[in-house]
Amino acid sequence: MCPYCQAENADSALVCASCARDIAVPATLIAERDDLLRKRDQLRAELAQARDELEAIMRRGKSR
Ligand SMILES: [Zn+2]
């Protein structure tokens, strides 16, 4: 079964015969990957924010 268009495909099919999407990776793994990508973006944002805060603290320390 194609997770995108619900068309039936052979178990060994790598690409859906109906919508031509990659179905070699199970939908659960795709969802897991999307979740990890979201977490990574979130961590990146937090890291950038932490850097900004650190920079602000450093600047404050220097001016004193
Ligand atoms: Zn499909």
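Our subject is the structure that appears above.
Residues numbered from 1 in each chain as written. Predicted model: local features only at pLDDT ≥ 70, side-chain atom pairs only at ≥ 80, totals over all residues. Heavy atoms only, no water.

A count of helical and extended segments in the protein gives one helix and zero strands. Relative to the 2.2 N^0.38 estimate, which gives 11 Å for 64 residues, the radius of gyration of the protein is 22 Å and therefore markedly larger than a compact globule would have. In terms of its C-alpha atoms, the protein occupies a principal-axis envelope of roughly 70 × 15 × 15 Å. For the protein, the residues scored as buried account for 9% of the 64 residues in total. Nonlocal contacts in the protein, meaning residues at least 24 apart in sequence, comprise 6% of its contacts between residues at least 6 apart. For the protein, the accessible area works out to roughly 5,700 Å², and carbon and sulfur atoms hold 55% of it. Across the protein, the mean location of the 11 positive side-chain charges is 13 Å away from that of the 11 negative side-chain charges. (Helix = DSSP H or I, 4+ residues; strand = E, 2+ residues; numbered from the N terminus. Rg over C-alpha atoms; globule rule 2.2 N^0.38 Å. Buried < 20%, exposed > 50% of the residue type's maximum accessible area, 1.4 Å probe, protein only. Contact = heavy atoms within 4.5 Å. Areas by Shrake-Rupley, 256 points an atom, 1.4 Å probe, with all protein chains shown as cover. Lys, Arg positive; Asp, Glu negative; His and termini not counted. Charge placed at Lys NZ, Arg CZ, Asp CG, Glu CD.)

As a further point, take unusual backbone geometry. The phi angle at Q6 is positive, at roughly 65 degrees, despite the residue not being glycine. Judged by its relative accessible area of 48%, Q6 falls in the partly exposed class.

Here we come to the pattern of salt bridges. If you walk through the whole model with that rule in mind, you get five salt bridges. Between D41 and R40 there is a salt bridge whose closest N-O contact spans 3.3 Å. With a relative accessible area of 39%, R40 lands in the partly exposed category. Linked through salt bridges whose partners overlap, the residues forming this network are D35, R38 and K39. (Salt bridge = Lys/Arg side-chain N within 4 Å of Asp/Glu carboxyl O.)

This brings us to the coordination of the zinc ion. Working reference: metal with six octahedral donors, ideal angles 90 or 180 degrees; metal with four tetrahedral donors, ideal angle 109.5 degrees. Taken together, the protein donors to the zinc ion comprise C2 (SG), C5 (SG), C16 (SG) and C19 (SG), at separations of 2.2 to 2.3 Å. One can describe the donor arrangement at the zinc ion as tetrahedral, given that its four donor atoms subtend angles of 107 to 114 degrees at the metal. Judged by its relative accessible area of 30%, C19 falls in the partly exposed class. (Donors = N, O, S within 2.8 Å, 3.2 Å for Na, K, Ca; no water. Tetrahedral: all angles 85-135°; square planar, octahedral: opposite > 155°, others 65-115°.)

Before going further, it helps to spend a moment on the environment of A24. Position of A24 relative to the elements: it lies in the segment before α1 (27-63). The exposure class of A24 is partly exposed, given its relative accessible area of 43%. Taking the C-alpha atoms as reference points, A24 and S12, separated by twelve residues in sequence, lie 8.0 Å from one another.

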